[in-house]
Amino acid sequence: QDACLVAMAEEPPGGAPAAPAPTHCIEVVSVSGLDGSFQTVYRVPIPSLCTALNFCYKSTTCLLCSCAEGLQLVFNLYNSETSCAHDNPGVRSISISTDMSMICSAEGNFFKVYKVPSPSASAT
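Residues numbered from 1 in each chain as written. Predicted model: local features only at pLDDT ≥ 70, side-chain atom pairs only at ≥ 80, totals over all residues. Heavy atoms only, no water.

A look at the overall build of the protein
Just so we agree on the cut-off: Put simply, DSSP marks the helices as runs of H or I at least four residues long and the strands as runs of E at least two long, and each gets a number from the N terminus on. Pairs of residues are marked as contacts when any of their non-hydrogen atoms sit within 4.5 Å. Note on areas: Shrake-Rupley with a 1.4 Å probe; residue coverage comes only from the protein chains shown.
Helix and strand counts for the protein stand at 0 helices and 11 strands. When the helices and strands of the protein are read in sequence order from the N terminus, they spell out β-β-β-β-β-β-β-β-β-β-β. In the protein, 36% of the contacts between residues at least 6 apart in sequence involve partners at least 24 apart. For the protein, the computed accessible surface area is about 7,400 Å², with 55% contributed by carbon and sulfur atoms.

The following block contains the structure:
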């Protein structure tokens, strides 16, 4: 298969106020390496604006998302499970361990390391 996955979250246009929840979402699209065509593979609602978004290490079905109000979400798209942790609203950089058991977040001049909570089934 000659394709790649791209995860993206929309940002309000320059200076526009953020839309009210539940209009925020993450979209994962598959882009063909042959002709550039694409199709949506997953669409996941999130509670607020996404400030950081990454695929987890060596995974095409797990995403790490940091939301504006400090919510840290780990999505297992294949199993429709979500792990949710609470952090500070100022978090701008976030990463997850290769075994997806620990999250590290950075804010200001310090960082925190904490366990990923047990997942729960999502409605997505």
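Read on for the rest.
Topic: the sheet that holds strand 9 (residues 102-107)
Hydrogen bonding along the main chain pairs the strands of a sheet, whether they run parallel or antiparallel. In plain terms, the rule: Strand pairing is assigned whenever DSSP detects at least two bridges linking the two strands. Fitting a line to C-alpha atoms yields each axis, with helices limited to the stretch in contact; the angle taken between N-to-C directions then spans 0 to 180 degrees.
Judged by pairing direction, the sheet is antiparallel, and its 3 strands sit side by side in the order 8-9-10 without closing on themselves. Edge positions in the sheet fall to strand 8 (93-96) and strand 10 (110-115), since each has one partner strand and no second. Ignoring which end each strand starts from, the neighbouring axes of this sheet average 15° apart.

A few points about the pairing of strand 9
Operational definition: Classification of residues uses two cut-offs on accessible area relative to the type maximum, computed with a 1.4 Å probe and protein chains only: under 20% is buried, over 50% is exposed, and between them is partly exposed.
Only one face of strand 9 is covered, namely the one carrying Ile-103, Ser-105 and Glu-107; the face carrying Met-102, Cys-104 and Ala-106 has none of its residues buried. Counted between consecutive antiparallel strands, the loop separating strand 8 from strand 9 contains 5 residues, among which Met-100 sits at a positive phi close to 60°. Note that strand 9 and strand 10 share 6 bridges and pair antiparallel. Paired with Glu-107 across the strands is Phe-110, a residue of strand 10.

What about the nonpolar core?
Note that soluble globular proteins tend to have their nonpolar side chains buried in a common cluster. So the rule is basically this: By nonpolar core is meant a set of buried Ala, Val, Leu, Ile, Met, Phe, Trp, Tyr and Cys residues that side-chain atoms within 4.5 Å join together.
Ranked by size, the top nonpolar core spans 12 residues in total: Ile-26, Val-28, Val-44, Ile-46, Cys-50, Leu-63, Cys-65, Cys-67, Leu-71, Leu-73, Phe-75 and Leu-77. Those elements that place two or more of their residues in this core are strand 2 (25-32), strand 5 (62-67) and strand 6 (71-76). Once residues lying within four places of it in the same chain are set aside, the contact partners of Cys-50 are Ala-9, Cys-65, Ser-66 and Cys-67. Formed by 11 residues, the second largest nonpolar core is a distinct cluster that contains Ala-52, Cys-62, Ile-94 and Val-116.

Side note on the pairing of strand 8
Of the two faces of strand 8, only one is covered, namely that formed by Ile-94 and Ile-96; the face formed by Ser-93 and Ser-95 stays uncovered. Of the strand pairs in this sheet, strand 8 and strand 9 are connected by 4 bridges, and their pairing is antiparallel. Paired with Ile-94 across the bridge in strand 9 is Ser-105.

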